[in-house]
Structures are given as C-alpha cells and as structure tokens.
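Remarks on the overall topology
Listed below are the residues making up each chain.
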Amino acid sequence: MSVDTPRRIVLLRHAKAEWSQDSDHERPLAERGRKDAPVAGRKLVDSGIVIDLALCSTAVRTRETWKLAVHEMPHRPRTVYEERLYEASLGELIALLNETPDDVQNLLLIGHNPGMHAVADALAGSAEGETMARMTRGGFPTAAFAVIEFSGSWKGVEHGVGKLVEYWTPND
C-alpha cells in the first residue's frame, strides 16, 4: 500500500458505563450502553469503512463496547487490546497512532474521553460540512465516533494533518 493511499482513523468512545463500586477500569456497560454499542457498529458498517486494525483499551467498558459493535460487522478486524489507551493523553494517543504499520489503511481506536475528543479535535485541520461544528457543539458523548481521513504515513500523523469526514452520536 502506498503512503499516498488515503487512510482513516476511526475514534470510538466507549458506550455508557455503570457507576459502580468497582475500580474505574472494571466498570461495565450500563443498559443504555449495551443498546448503543451495536448501533454504533451498524453505523460504522453503513459508513463503508472496512477496519483493518482495532486497538481497544483494556477497560471492561471498552472491551464490552467493541464486542457488541464488532458483532455487527461482516468481518472481524485484527484486534489488539492496548493498555496504553486507558487514560491516554493526547500526546500518548498520537504516539500510538505513529506506531501503526503502514499496511493498515483504516484504524479504529476504542477508548475514553477526554482523549477521543482531544485527538479528533487536534488531528482535524479541516472538516466536511458541519461535522466540526457538530462535534464542537455536542462534545464527544458515549458511543460517539469520529472519522479522520489523511494521506501519508502513520509516522506523519500530527496536529492538523487530517480532515474530519464523519461524526456520529447515538442521538443523531
């Protein structure tokens, strides 16, 4: 695959989680989250993006979100459960993106806020239509996803490199 091939980063925030006495890392999905996660999976399929690699936080709520979302997809992409996605800063997320092999065209990150919103905002140097305004106005609620498109190598992912081409929330 040429480094000039358009690539996509799909940033999926975990679905709604329960508030519990468990550690934050061990919080499971709430009933609403169990309903929203498969809907997000179907919307990803409807977008036409075929995910090559999914990096999922090791937190219970992200793993459960991914399990429900991927069930809606015609094929299961290679999945890596990545501890560094839990509580990742913007810099850590960009560093993780920079490690992506260049044979990956479409990458999905399943993670947490504020990281998912921060990386979407930072990478999107431009946007299609009203997508940026909608994301800014609506924040990045649970089960929402953003799609950033860029050209070049994963090693070149940095602030402003991409275009926000899609933003979806369960309330859309």
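Residues numbered from 1 in each chain as written. Predicted model: local features only at pLDDT ≥ 70, side-chain atom pairs only at ≥ 80, totals over all residues. Heavy atoms only, no water.

Going by the annotation in an unreviewed UniProt entry, the name recorded for the chain is Histidine phosphatase family protein, with Streptomyces sp. 900116325 given as the source organism.

Once that is clear, we can look at the side chain of Glu 82. Its location among the elements puts Glu 82 in the loop between strand 3 (78–81) and helix 3 (90–98). For Glu 82, a relative accessible area of 14% gives the class buried. Contacts of Glu 82, omitting those with residues within four sequence positions, involve Cys 56, Ser 57, Thr 58 and Leu 96. (Helix = DSSP H or I, 4+ residues; strand = E, 2+ residues; numbered from the N terminus. Buried < 20%, exposed > 50% of the residue type's maximum accessible area, 1.4 Å probe, protein only. Contact = heavy atoms within 4.5 Å.)

What follows covers the pairing of strand 1 (residues 7–13). Here strand 1 lies mainly inside the structure; 6 of its 7 residues are buried. As paired strands, strand 1 and strand 6 (residues 145–150) are joined by 6 bridges and run antiparallel to one another. Bridge pairing links Val 10 to Val 147 in strand 6. As defined by bridge partners, strand 1 adjoins strand 4 (residues 106–111) across 6 bridges and the pair is classed as parallel. Note that in strand 4 the partner of Leu 12 across the bridge is Ile 110. (Pairing = 2+ DSSP bridges.)

So, on to the sheet that holds strand 5 (residues 124–127). Across the sheet, 7 strands lie side by side as 3-2-4-1-6-7-5; this open sheet has mixed pairing. The open sheet terminates on both sides in strands that have one partner only, identified here as strand 3 and strand 5. When the angles between neighbouring strand axes are averaged without regard to direction, this sheet yields 25°. Bridge analysis of strand 2 (residues 53–56) against strand 3 gives 4 bridges, and the strand direction is parallel. Note on strand 3: the bridge partner recorded for Leu 53 is Arg 78. Each of strand 1, strand 4, strand 5, strand 6 and strand 7 (162–168) touches helix 4 (residues 115–123); the most contacted strand, strand 1, lies at about 150° to it. (Axes fitted to C-alpha atoms, helices over the stretch in contact; angles between N-to-C directions.)

Structurally, Val 104 can be placed in the loop between helix 3 and strand 4. Val 104 sits 49 residues away from Ser 153 along the chain, and the two C-alpha atoms are 9.8 Å apart.

Taken as a whole, this structure holds 10 salt bridges when the rule is applied. Note that Asp 102 is salt-bridged to Arg 7, the shortest N-O span being 3.8 Å. Residue Asp 102 is found in the loop between helix 3 and strand 4, and its partner Arg 7 is found in strand 1; the two are separated by 95 residues along the sequence. Where Asp 24 meets Arg 27, a salt bridge forms, and the shortest distance between an N and an O atom there is 2.9 Å. Here Arg 27 falls in the buried class, since its relative accessible area comes to 8%. Within the structure, one salt-bridge network assembled from shared partners comprises Asp 24, Arg 27 and Arg 61. (Salt bridge = Lys/Arg side-chain N within 4 Å of Asp/Glu carboxyl O.)

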